[in-house]
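This is what each chain is made of:
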Amino acid sequence: MLITGTFIDEISHDIPHQNWGPAEWEKDFQHMKAIGIDTVIIIRCGYRKFLTYPSDYLINQHGCYRPPIDLVDLYLTLAEKYGIALYFGLYDSGVYWDTGNMQHEADLNHFVIEEVWKKYGHRSAFKGWYLSTEISRKTKGAIEVFSSMGSACKNISNGLPVFISPWIDGKKAVMAASGSITKADAVSLREHESEWDEIFHGIHQSIDAVAFQDGHIEYHELEDFFTVNKLLADKYQLQCWTNAESFDRDMPIKFLPIKFEKLRLKLAAAAKAGYDKAITFEFSHFMSPQSAYIQAHHLYNRYKEYITTWEK
């Protein structure tokens, strides 16, 4: 299975910023295109006070900082130039992470969705939406909020596709700020199936695809969880993607590019389960030849060799 999409994590809180400008971003789009990436996803248009675009609503009403460059416009321009589809990720206020109040994210994003569509909806590369609020389990209010935000995106854009990228609450599902890399309490396969059956039942009319993050479970668990994910997605007529994490969760240093052997194992499991698409979190830091991490340069080379082998 080949990676054909990547998140763009420009507004991050746990990965060092690379301080790229338009020239570096264009070079990265060229590198993405060279390995077959046809989709980029802005993982979030803003996080707390920092923004990717000059949102009058968020700056005036919520005290966010005015960004020095409109990155959404830049990414759309580059996507249009290189024939790549762009999915727009919604705003993350941080309130949900602090309080568990998911409704707050929905309330803010209804204004953001309207503003963004008015500002960028006419752009030819604008091909869909990403609901940036992440969950792993049956979370209070999740069904209502995901349904509300997904429907708002689809209604304003004449049905453009919407996707989510939850994580599996496995052994490696620990907070980035934690000193540990594993935890004792992990979701069972049956719990995961039951909870996501209920969630999909409630939100399937408001989303089109689900891309479960693949890094929170052990490698020997991939086949079982991926099989369940695909069965559930098929049941509710959703596209089943994999979010093939290109960083390593098995090391105490958070986060470094993943060993290629591990990435290959995860892609093979997704292929065996019959997944529809593979995206990654994320190319620019962990796979790009111009990443701040030199290991990423080598991962790009190994992945190009993998593509060549696969094509043969």
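Right above here is the structure, for reference.
Below is a short write-up of the structure.

### With respect to empty space enclosed by the protein
- According to the stated counting rule, one finds two cavities of 30 Å³ or more in the structure shown.
- Taken as a whole, the largest cavity encloses approximately 50 Å³ of empty space.
- In this structure, the largest cavity is lined by K172, V174, M175, A176, I181, D248, R249, M251, K254 and F255.
- Here the lining of the largest cavity is built from residues that sort into six nonpolar, no polar and four charged.
- Estimated volume of the second largest cavity: approximately 40 Å³.
- Tallied by class, residues from the lining of the second largest cavity come to three nonpolar, one polar and six charged.

### Here's the deal with the environment of V112
- Position of V112 relative to the elements: it lies in helix α5 (residues 103-120).
- Placed 56 residues apart in sequence, V112 and D56 show a C-alpha to C-alpha distance of 9.6 Å.
- Setting aside residues no more than four positions away along its own chain, V112 makes contact with C45, Y53, Y57, L58 and Y91.

### Looking at the layout of surface pockets
- A volume near 660 Å³ is recorded for the largest pocket.
- The wall of the largest pocket is formed by 31 residues, among which H13, D14, W97, E134 and R249 lie closest to the centre.
- For the lining of the largest pocket, the elements supplying multiple residues, two or more each, are α4 (95-99) and β10 (239-245).
- Here the residues of the lining of the largest pocket sort into 16 nonpolar, six polar and nine charged.

### Here we look at the packing of aromatic side chains
- One pass over the full model with this rule turns up 34 aromatic pairs.
- Residues F29 and Y75 carry aromatic rings whose centres are separated by 6.4 Å and whose planes lie at 25 degrees to one another, so their mutual orientation is stacked. Here the residue F29 occupies a position in helix α1 (residues 22-34), and Y75 occupies one in helix α3 (residues 71-82), the gap between them amounting to 46 residues.
- Note on F29: relative accessible area 0%, which makes it buried.
- A network of ring pairs unites the aromatic residues F7, Y87, Y130, F163, W241, F247, F255, F281, F286 and Y293 as a single cluster.
- Between R44 and the ring centre of Y47, over which it is positioned, the NZ or CZ distance is 5.8 Å.

Thresholds applied
- Residues numbered from 1 in each chain as written.
- Predicted model: local features only at pLDDT ≥ 70, side-chain atom pairs only at ≥ 80, totals over all residues.
- Heavy atoms only, no water.
- 1 Å grid on protein atoms, 1.4 Å probe; cavity = no way out; pocket = protein on both sides within 12 Å on 5 of 7 lines; lining within 4 Å.
- Points joined across faces, edges and corners; volume = space filled by probe spheres on them.
- Nonpolar A, V, L, I, M, F, W, Y, C, P; charged D, E, K, R; others polar.
- Helix = DSSP H or I, 4+ residues; strand = E, 2+ residues; numbered from the N terminus.
- Contact = heavy atoms within 4.5 Å.
- Phe/Tyr/Trp six-rings, centres within 6.5 Å; stacked < 30°, edge-to-face > 60°.
- Buried < 20%, exposed > 50% of the residue type's maximum accessible area, 1.4 Å probe, protein only.
- Lys NZ or Arg CZ within 6 Å of the ring centre and 35° of its normal.

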